[in-house]
Amino acid sequence: MKQFLTKFIGGFINFISLFSPSAAGKMAISLFSRPRRIKLKELEKDFLMTAFIEDVQYEHLNIMTYRWLGKKETVLLAHGWESNSYRWKPLIEKLNALDYNVIALDAPAHGRSSGKVFNAIIYSECINVVAKKFNANIIVGHSVGGMAAAFFQQKHQLPSIHKLILLGAPSNFVGVFGRYIEMMSYNKRVAEAMNAIVLERFNQEPDYFNAARLSEHIEAHGLIIHDELDKIIPYGDAEDFDNFYKNAKLVTTKGYGHGLKSDEVHDHILDFIKA
């Protein structure tokens, strides 16, 4: 049913492109940029309420942050698409038990943060504001949160950041767009209109937004963890990061999928943070 609906929507937008490629491109970008806001369960709310909670402003957005206080370095956690800060619960508990200061943020249009539109560029600026406010030292980003973290540090080079951990992170916009276009079966007119909208909004073609290539300018030590059976973000994206991010090491897992939720992954993260 879901696949049928996807193809139906893609076909409708392709039809619109016969008359107005620009309108079709805007519809496709809007669909691409609007995540479902997953409602928190009571159990999830209860855990997040154990933190110090504070809104941080970025332009017109209120970004929700959660802090679990510790005496060691500050670790900032950035979740991925259609997720929220609760996804980090097991890692937060382990970091806090080791007395690290832990901060998690809800991305724009996710969790308890405001907004309806989301992309890695906006997210990277939100990460920048939160990292500066709380003087973050280490960032852990999952999926598009990892991509956004790489964009943030490459652009802003925040001196306090000395370690960057990317979990199942997409390496480039072109690949993300390509998988979306394939999933929706968009035609060439829609694809070209989407590229034109990116150029208009960000003054760069989509191929500029290559987090892997830009990571060669990041001085912070990096850890890249990716599952070779990841069905959402291909393992080749991790190899892209490994090729460009010279100050990073790649750890390959098998069987944890895109979520990478396992004690083994947490052990790799903790060992890297403590080193």
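Located above this text is the structure these notes cover.
Residues numbered from 1 in each chain as written. Predicted model: local features only at pLDDT ≥ 70, side-chain atom pairs only at ≥ 80, totals over all residues. Heavy atoms only, no water.

*Asks:* Teacher, can you tell me more about the overall build of the chain here?
*Replies:* Looking only at helices and strands, the chain has 11 helices and 8 strands in total. Relative to its length of 275 residues, the chain is compact, with a C-alpha radius of gyration of 19 Å against a globular reference of 19 Å. Looking at the 275 residues of the chain, the share that counts as buried comes to 53%. A sequence separation of at least 24 residues applies to 75% of the contacts in the chain between residues at least 6 apart. Counting every atom, the chain has about 13,000 Å² of accessible surface; 55% of that belongs to carbon and sulfur. Here the chain carries 32 positive and 30 negative side-chain charges, and the mean point of each set is 5 Å from the other. (Helix = DSSP H or I, 4+ residues; strand = E, 2+ residues; numbered from the N terminus. Rg over C-alpha atoms; globule rule 2.2 N^0.38 Å. Buried < 20%, exposed > 50% of the residue type's maximum accessible area, 1.4 Å probe, protein only. Contact = heavy atoms within 4.5 Å. Areas by Shrake-Rupley, 256 points an atom, 1.4 Å probe, with all protein chains shown as cover. Lys, Arg positive; Asp, Glu negative; His and termini not counted. Charge placed at Lys NZ, Arg CZ, Asp CG, Glu CD.)

*Asks:* How should I be thinking about the packing of helix α2 (residues 21–32) against helix α7 (residues 173–184) in this particular structure?
*Replies:* In helix packing, the relevant descriptors are the interaxial angle and the interaxial distance, both defined with respect to the helix axes. Axis separation between α2 and α7 bottoms out at 12 Å; the angle between their running directions is 105°. Regarding the angle of α2 to α7, the classification is roughly perpendicular. Between α2 and α7, the contacting residues are Ala28, Ile29, Leu31 and Phe32 on the first element and Val176, Phe177, Tyr180 and Met184 on the second. For the contact of α2 with α7, the residue count by class is 8 nonpolar, no polar and no charged. (Axes fitted to C-alpha atoms, helices over the stretch in contact; angles between N-to-C directions. Parallel < 35°, antiparallel > 145°, perpendicular 65-115°, else oblique. Nonpolar A, V, L, I, M, F, W, Y, C, P; charged D, E, K, R; others polar.)

*Asks:* Help me understand the sheet that holds strand β5 (residues 138–142) in this model?
*Replies:* Adjacent strands of a sheet pair through backbone hydrogen bonds, lying either parallel or antiparallel. Here 8 strands make up an open sheet; going across it, the order is β1-β2-β4-β3-β5-β6-β7-β8 and the pairing mixed. Taken across any chain shown, the strands that pair with only one partner, and hence form the sheet edges, are β1 (52–58) and β8 (248–253). The sheet shows a mean angle of 20° between the axes of neighbouring strands, taken without regard to direction. Where β1 and strand β2 (residues 61–68) come together, 7 bridges link them in antiparallel fashion. Along β2, the bridge assignment pairs Gln57 with Asn62. Lying on the sheet, helix α6 (residues 144–156) is in contact with β3 (74–78), β5 and β6 (163–167); it crosses β5 at an angle near 140°. Contacting β6, β7 (221–227) and β8, helix α10 (residues 235–244) runs over the sheet at an angle of about 165° to β7. (Pairing = 2+ DSSP bridges.)

*Asks:* I tried to follow the packing of α7 against helix α8 (residues 188–202) on my own but got confused; where do I start?
*Replies:* The geometry of α7 relative to α8 is characterised by a closest axis approach of 11 Å and an angle of 145° between their N-to-C directions. α7 and α8 meet at a crossing whose hand is right-handed. Across the interface between the two elements, Phe177, Tyr180 and Ile181 from α7 touch Ala191, Met194, Asn195 and Val198 from α8. Tallied by class, residues from the contact of α7 with α8 come to 6 nonpolar, 1 polar and no charged. (Left-handed = near helix turned anticlockwise from the far one by under 90°.)

*Asks:* I'm lost on the layout of surface pockets in this one. Help?
*Replies:* If you add up the space inside the largest pocket, you get close to 1,400 Å³. Along the wall of the largest pocket there are 40 residues; nearest its centre are Phe32, Trp81, Glu82, Met183 and Ile232. Those elements that provide at least two residues to the lining of the largest pocket are α1 (2–17), α2, α6 and α7. The greatest single-element share of the lining of the largest pocket, amounting to 7 residues, is contributed by α7. Residue composition of the lining of the largest pocket, grouped by class: 20 nonpolar, 9 polar and 11 charged. (1 Å grid on protein atoms, 1.4 Å probe; cavity = no way out; pocket = protein on both sides within 12 Å on 5 of 7 lines; lining within 4 Å. Points joined across faces, edges and corners; volume = space filled by probe spheres on them.)

*Asks:* It is not clear to me how the pattern of salt bridges should be interpreted in this structure. Could you clarify?
*Replies:* When their charged atoms lie close together, side chains carrying opposite charge are able to pair. In the structure shown here, the tally under the stated rule is 10 salt bridges. Its salt-bridge partner being Arg179, residue Asp237 comes within 3.8 Å of it at the nearest N-O pair. In this pair, Asp237 sits in helix α10 while Arg179 sits in helix α7, placing the two residues 58 residues apart along the sequence. The exposure class of Asp237 is buried, given its relative accessible area of 6%. Within the structure, one salt-bridge network assembled from shared partners comprises Glu54, Arg67 and Lys133. (Salt bridge = Lys/Arg side-chain N within 4 Å of Asp/Glu carboxyl O.)

*Asks:* I would appreciate a short explanation of the nonpolar core in the present structure.
*Replies:* For soluble globular proteins, nonpolar side chains are generally found buried alongside one another. Residues Leu76, Ile127, Phe151, Tyr186 and Met194 are the most contacted members of the largest nonpolar core, which totals 60 residues. Residue contributions to this core peak at 8 residues, all from helix α5 (residues 120–134). Among all residues touching Leu76, those that are not within four sequence positions of it are Ile103, Leu105, Ile127, Val130, Ala131, Ala136, Ile138, Ile139 and Val140. Listed in part, the 30 residues of the second largest apolar core include Tyr66, Val75, Val251 and Leu270. (Core = buried A, V, L, I, M, F, W, Y, C linked by side-chain atoms within 4.5 Å.)

*Asks:* Help me out: how do you make sense of a nonpolar patch on the surface in this one?
*Replies:* A cluster of nonpolar side chains, namely Phe15, Leu18 and Phe19, defines an oily patch on the protein surface of about 360 Å² accessible area. Secondary-structure assignment places Leu18 in the loop between α1 and α2. Look at Leu18 and you get exposed, because its relative accessible area is 53%. (Patch = residues over 30% accessible without salt bridge, like charges linked within 9 Å, V, L, I, M, F, W, Y side chains within 5 Å.)

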